[in-house]
Amino acid sequence: MNSPLNRHTNILDFALSSLLRRKSKNLSLLVVYTLIVFVIASLIFFVQALKHEAAQTLAEAPDLVVQRMIAGRHDLIPATYGEQISAIRGVRSVTPRLWGYYYDQVFGANYTLLVPENGVVEPGSIMIGAGVARNQRIKIDDMLTLKTSRNAPLLLTVQGIYPSSSELISSDLIVLSAEDFQEMFHLPPGQFTDLAVTVANPREQVTVATKIAELFPDTRPILKSEMLRTYDSLFEWRGGMMVVILAVAVLSFIIFAWDKATGLSAEERKEIGILKSIGWETSDVLQLKFWEGIVISLTAFLVGVVLAYGHVFFFSAALFEHALKGWSVIYPQFRLIPVVDAYQLTVLFFLTVLPYTAATIIPAWLAATVPPDAAMRS
Amino acid sequence: MIELANVTKTFNADKHNQFTAVDDVSLTIEAGRLTILKGPSGSGKTTLMALIGCMARPSSGRIRLHGISTSFFSDADSGSALDITSLPERFLTEIRRTTFGFIFQQFNLVKGISALENIMLPAYPTGESQAAFRQRALELMELFSVSRHAASPVEWLSGGELQRVAIARALINNPTIIIADEPTAHLDSKLSREFMEMVGTLKARGKTILIASHDPLVYDSELAETVVGMRDGRITGITGAA
Amino acid sequence: MIQHPAILALSIASLLTCFMLVYAAGYGTRILEKWDLQSGSELQLELERRTYLISVILSYTLVFQILSLFLYIFTADNLHSQFTGAMCAAGSLAVNSYGYPVLILKIINCLLAGVWLIVNHVDTRGYDYPLIKTKYGLLNILAPLILLEAVLQFAYFLNLKADVITSCCGSLFSTDKRSIGGEIAGLPSGPMQQAFFGIMALTVVIGVVFYLTGKGGGIFSLFSSLTFVVAAASLVSFICLYFYELPSHHCPFCILQKEYGYVGYALYATLLGGAISGLGVGSLIPFSSHPSLSRVIPAIQRRLTLVTLVLYLLFTLIVTWRMLSTSFTLG
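Basis of the calculations
- All residue numbers refer to positions counted from 1 along the written sequence of the respective chain.
- Lettering for chains starts from A, numbering for ligands starts from 1, and both go in the order in which the items are written.
- For this predicted model, a pLDDT threshold of at least 70 governs which residues receive local features, and a threshold of 80 or more governs which side-chain atom pairs are given and counted, while totals over whole chains, interfaces and linings are taken from all residues.
- A run of H or I in DSSP counts as a helix once it spans at least four residues, and a run of E counts as a strand once it spans at least two, with each numbered from the N terminus.
- Three classes are used. A residue is buried when 20 or more other C-beta atoms lie within 10 Å of its own, exposed when 12 or fewer do, and partly exposed in between, with C-beta atoms placed from the backbone.
- Any two residues are considered in contact once their C-beta atoms, placed from the backbone, lie within 7 Å.
- In this description the radius of gyration comes from C-alpha coordinates, and the expected globular size is given by 2.2 Å times residues to the power 0.38.
- Note that Gly is not counted as nonpolar here; it falls among the polar residues with everything else outside the nonpolar set of Ala, Val, Leu, Ile, Met, Phe, Trp, Tyr, Cys and Pro and the charged set of Asp, Glu, Lys and Arg.
- Strands were regarded as paired on the criterion that DSSP finds at least two bridges between them.
- An expected span of 1.5 Å times one less than the residue number is assigned to each helix.
- An arc is given here, and it is the one of the directions from the helix axis to the C-beta atoms.
- Per-residue confidence from the predictor is reported as pLDDT, a score between 0 and 100.
- Where each domain begins and ends follows an automated or database-derived domain assignment.
- Note on method: axes are straight lines fitted to C-alpha atoms, helices fitted across the in-contact stretch only, with angles between N-to-C directions ranging 0 to 180 degrees.
- Just so you know how the angles are binned, under 35 degrees is roughly parallel, over 145 roughly antiparallel, 65 to 115 roughly perpendicular, and the rest oblique.
- Left-handed describes a crossing whose near helix is turned anticlockwise from the far helix through less than a right angle; right-handed describes the clockwise counterpart.

As for the overall build of chain A
Here comes step 1: The number of helices and strands found in chain A is 12 helices and 12 strands.
Here comes step 2: Burial status across chain A gives 38% buried among its 378 residues.
Here comes step 3: Restricting the contact set of chain A to residue pairs at least 6 apart, pairs at least 24 apart contribute 81%.

With respect to the overall build of chain C
Here comes step 1: The number of helices and strands found in chain C is 11 helices and zero strands.
Here comes step 2: Of the regular secondary structure in chain C, the N- to C-terminal order runs α-α-α-α-α-α-α-α-α-α-α.
Here comes step 3: Here the C-alpha radius of gyration of chain C, 22 Å, is about what a compact globule of 331 residues would show, namely 20 Å.
Here comes step 4: Relative to its full complement of 331 residues, chain C shows a buried share of 48%.
Here comes step 5: Within chain C, contacts between residues separated by at least 24 positions form 74% of all contacts whose residues are at least 6 apart in sequence.

Some words on the interface of chain B and chain C
Here comes step 1: Facing 12 residues of chain B, the contacting portion of chain C comprises 10 residues.
Here comes step 2: When the residues that make up the side of chain B that touches chain C are grouped by side-chain class, the tally is six nonpolar, three polar and three charged.

With respect to the sheet that holds strand 4 (residues 60–65) of chain B
All names here are of chain B.
Here comes step 1: Reading across the sheet, the four strands line up as 2-1-4-5 and stay open at both edges, with antiparallel pairing between neighbours. The two strands at the open ends of the sheet, each matched to only one other strand, are strand 2 (19–29) and strand 5 (82–83).
Here comes step 2: Here strand 1 (residues 2–11) pairs with strand 2 via seven bridges, running antiparallel. Bridging from a neighbouring strand, Phe11 pairs with Phe19 of strand 2.

A few points about helix 7 (residues 189–204) of chain B
All names here are of chain B.
Here comes step 1: With 16 residues, helix 7 should reach 22 Å at 1.5 Å per residue; the first-to-last C-alpha distance of 23 Å fits that figure.
Here comes step 2: Inspection of helix 7 places Ser192, Phe195, Met196 and Val199 among the buried residues, and these make up the whole buried set. Buried residues of helix 7 fall within an arc of 100° about the axis and therefore sit on the same side. Facing away from the buried surface of helix 7 by more than 90 degrees, the exposed residues are Lys190, Glu197, Thr201 and Ala204.

Overview of the environment of C:Phe19
Here comes step 1: Its location among the elements puts C:Phe19 in helix 1 (residues 5–34).
Here comes step 2: C:Phe19 sits in the partly exposed class, given 13 other C-beta atoms within 10 Å.

Digging into the confidence of the model for chain C
Here comes step 1: On average, chain C scores 84 in pLDDT, and the residues at 70 or more come to 90%.
Here comes step 2: Overall fold confidence for the complex sits at a pTM of 0.80, while the interface term, ipTM, reaches 0.90.

A closer look at the domain arrangement of chain C
Residue and element names in this part refer to chain C.
Here comes step 1: Assigned domains of chain C: these are domain 1 (1–164) and domain 2 (168–331).
Here comes step 2: The distance between the C-alpha centroids of domain 1 and domain 2 comes to 23 Å.
Here comes step 3: With 24 residues of domain 1 at the interface, the matching set in domain 2 holds 25 residues.
Here comes step 4: Breaking the side of domain 1 that touches domain 2 down by element, the ones donating at least two residues are helix 2 (42–78), helix 3 (89–93) and helix 4 (99–125).
Here comes step 5: In terms of residues, the side of domain 1 that touches domain 2 owes the most to one element, helix 4, which gives eight residues.
Here comes step 6: Here the side of domain 1 that touches domain 2 is built from residues that sort into 17 nonpolar, four polar and three charged.

Looking at the packing of helix 9 (residues 217–244) of chain C against helix 10 (residues 263–284) of chain C
Residue and element names in this part refer to chain C.
Here comes step 1: The N-to-C vectors of helix 9 and helix 10 enclose an angle of 165°; their axes lie 7 Å apart at closest approach. When the interaxial angle is binned, helix 9 and helix 10 end up roughly antiparallel. Crossing handedness for the pair helix 9 and helix 10: left-handed. Residues Gly217, Gly218, Phe220, Ser221, Leu222, Ser224, Ser225, Phe228, Ala231, Ala232, Leu235 and Phe243 of helix 9 form the contact with helix 10, whose own contacting residues are Val263, Leu267, Leu271, Gly274, Ala275, Gly278, Leu279, Val281 and Gly282.
Here comes step 2: Of the residues contributing to the contact of helix 9 with helix 10, the split by class is 13 nonpolar, eight polar and no charged.

Comments concerning the pairing of strand 7 (residues 177–181) of chain B
Residue and element names in this part refer to chain B.
Here comes step 1: Counting buried residues along strand 7, five of its five residues qualify, which places the element largely inside the surrounding structure.
Here comes step 2: Residues Ile177, Ile179 and Asp181 point to one face of strand 7 and Ile178 and Ala180 to the other, with burial holding for every one of them.
Here comes step 3: Where strand 6 (residues 100–103) and strand 7 come together, four bridges link them in parallel fashion. Considered in strand 7, the bridge of Gly101 is made with Ile178.
Here comes step 4: As defined by bridge partners, strand 7 adjoins strand 8 (residues 208–213) across five bridges and the pair is classed as parallel. Paired with Ala180 across the two strands is Ile211, which belongs to strand 8.

Observations regarding the sheet that holds strand 6 of chain B
Residues and elements named next belong to chain B.
Here comes step 1: One open sheet accounts for six strands, arranged 6-7-8-3-9-10; its pairing is mixed. The open sheet has two edge strands with one neighbour each: strand 6 and strand 10 (234–239). Here the strands of the sheet are splayed against their neighbours by 20° on average, with no regard to which way each runs.
Here comes step 2: The strands touched by helix 1 (residues 45–52) are strand 3 (34–38), strand 7, strand 8 and strand 9 (226–231); relative to strand 8, the strand with the most contacts, the crossing angle is about 155°.
Here comes step 3: The strands touched by helix 6 (residues 159–171) are strand 6 and strand 7; relative to strand 6, the strand with the most contacts, the crossing angle is about 165°.

Some points on the packing of helix 6 of chain B against helix 7 of chain B
Residues and elements named next belong to chain B.
Here comes step 1: Closest axis-to-axis distance for the helix 6/helix 7 pair is 11 Å, and the angle between their directions is 20°. With respect to helix 7, the element helix 6 is oriented roughly parallel. Classified by chirality, the crossing of helix 7 by helix 6 is right-handed. Along its contact with helix 6, which presents Gly159, Gly160, Gln163 and Ile167, the element helix 7 presents Leu191, Glu194, Phe195 and Met198.
Here comes step 2: Per-class residue counts for the contact of helix 6 with helix 7 are four nonpolar, three polar and one charged.

Details of unusual backbone geometry
Residue and element names in this part refer to chain B.
Here comes step 1: Even without glycine at this site, Asn108 takes up a positive phi of about 50°.
Here comes step 2: By secondary structure assignment, the location of Asn108 is in the loop between strand 6 and helix 4 (115–120).
Here comes step 3: According to the C-beta neighbour criterion, Asn108 is buried, with 22 such atoms within 10 Å.
Here comes step 4: Of note in the backbone geometry, Asp232 takes a positive phi value of approximately 50° without being a glycine.
Here comes step 5: Along the chain, the position of Asp232 falls in the loop between strand 9 and strand 10.

Written out as structure tokens, the structure is:
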């Protein structure tokens, strides 16, 4: 039976055999193509995983953080503010928080200091992130010496080390008691870094924030959704910078693909001439070129994606983590949690397969429109 | 039957290098007969055969095919011949692959694939199932005694074997008309005679055959029924017309 | 904002499509001017060769268009966290006044590109290029629309400002707001259900009659387009509600999200595919008396009708299944 489906399978069959016959040419195309897919895919997966990581961390953040501002700078907030804020309708709880940064001159590293809400650490003890442990080469029950703001040493015992499953945020963390924190920075009691506010009804968050701003004109309430957005645009921006550079890569790839496709060898041109002369029609040859393109594209896409997946999620994006992360010397050496969805794959498809396909349309057509009698006149 | 009326083919029209390859040719080629186009190289034989074989369209004049049927046209329906003069390539190709089989001077086999695949090539775009035309190709290889080369790449074949493979390929879609362009140009006398024997077999099977040649072995052959002489794109004489 | 990978992807796709279509339309115009099938001149042969290129370009354009329609909604959905007040694509699209026009243009362009390919397919089946003028005339309508879409899409992305407070599906498709979305959402669900199932049944009956007897193709095409509009309105008015199981959430985009098993894609794909083939049936009617097409067109129309019927029935099946299987009922 004659059927369009048979025509497709027959032509696909011949396309595969043609591709295999010109191994060296197609292999170099495939390598470049795969590399492009690999790099762009790594980038997209990486940024997405970072966003996911950050969102995960922020999920536990309070609905609202209230900071006190003096002369446009962040300042300590007295506990009395908190008492008045808890009286606002809709506020479920107010927790004063103590946290800050500490620069270690010996190791040249920045640490985040944090006092936990429920006092899991006793005065004199600390919990540290895996990055700190690595950096200082210390383990549980070792002592860590920090310098207070009055240049006196403060000796602290390591009580525990945070697991490295989500290292991005917790890596440079030192968790210590309120007393040690106040000692470190010579803070008066009753003063806190900021206030964490939870609101019973999510819809009332904005109202509560407005009320706080009215009640204390010297404070700045920050909504969790705003923080999420800032994180998002931060990653987007960093990823975007890379994408702009990659766009150049894509462009050069298009030129490469175009060149490969137009640079038909004499052999290939002759072959198409023969096909035309023995009864292949222009659209059959176009079909042949289409299948060749599909096979190359899909192979490059699949291999590139699989390699990128391994690169990002098993090797922690070793190739470009410096460009994208890195706001601290203590480098998070964490495994990202794999998050890949259809959306990212579609974007990847748009950035790689579409340009390739568009670049090969005209060369394919030029090849396909060899007049059928050309083979008779050679 | 193929009917040509005042057919002209001009290349590079309206340019300084304009030239007319076929000039006002009118000719009738009878079904079931062996017709030979005879003439020196450059006499327009190849162009004329390309026009008849639906490979190119004439600049002017009419070409009509009688007794053919395709998916979009059948004699029985319209009761008249099919005028192929201004058909789009898509339709010309369909007629070409169902009606004509071609044998080229250089054989025009695709290198790097097997002899069997070469024979099957014209059938790929017809939409027939591969199993069906593979079977036919194997039968043809049997007929021309080249079966043992089915899996070999064509580079390994001798001149005579290439010739047979080329003929087998021309027959894969069961055409009614066979067109051969200088088929013996690259063959020695022994192989040329063999070729003419095969032509005899095809004629016996009722095929219409059209050969362009300036080889006496071909046009003086007793098989030749009509010999059309050509020079400078014009017909110089017809012998043995029905 | 513009550096978001998806925005870059959409912009690249737009640029490519525009470039290809302007090229195609340019040659289309040349074909319209110089076409002379009777001539075997080199110019004519060259133009005929060009028609292949244009067909290929348009086939790819349709594929790119359909992909970019979905990626556009997907991206708007993904961006929602950047805007205060946006909870899904509806909110992101409302950030500036270009979002929705781009979406509507994308849908129209998909429909037109689909119809073009159907006309093109028929044209290649006639031995005298019977629809060549129609085809390239249509191309000259499609090309400017695609350009416009690209320009508006750039404008949309350039004007995405993160500090904008937008209104999302809650208010856009809220029944007590006086906006188009609100008006559609406010359509009473009872009569809307009757209208949807009514017109669907009618279209199917007309389609079956046309399939069997070849009569009423024009009416079928008209009804299939009407069904498209009614079904789209029904999506907002009541179909969504059954998927969300919320009496007042009318958003047509949230159903594209993972939480609802991406069912939105199936709904939109069947609806769009059905509308394209339905329109195709109608667009071929003026040419069915053409001698070289008199045998071709009825067969193609029947096939297109079948496609429309199957896709529309699939759509109805998904909707009905959901309405029956959920415990949610509209009061």
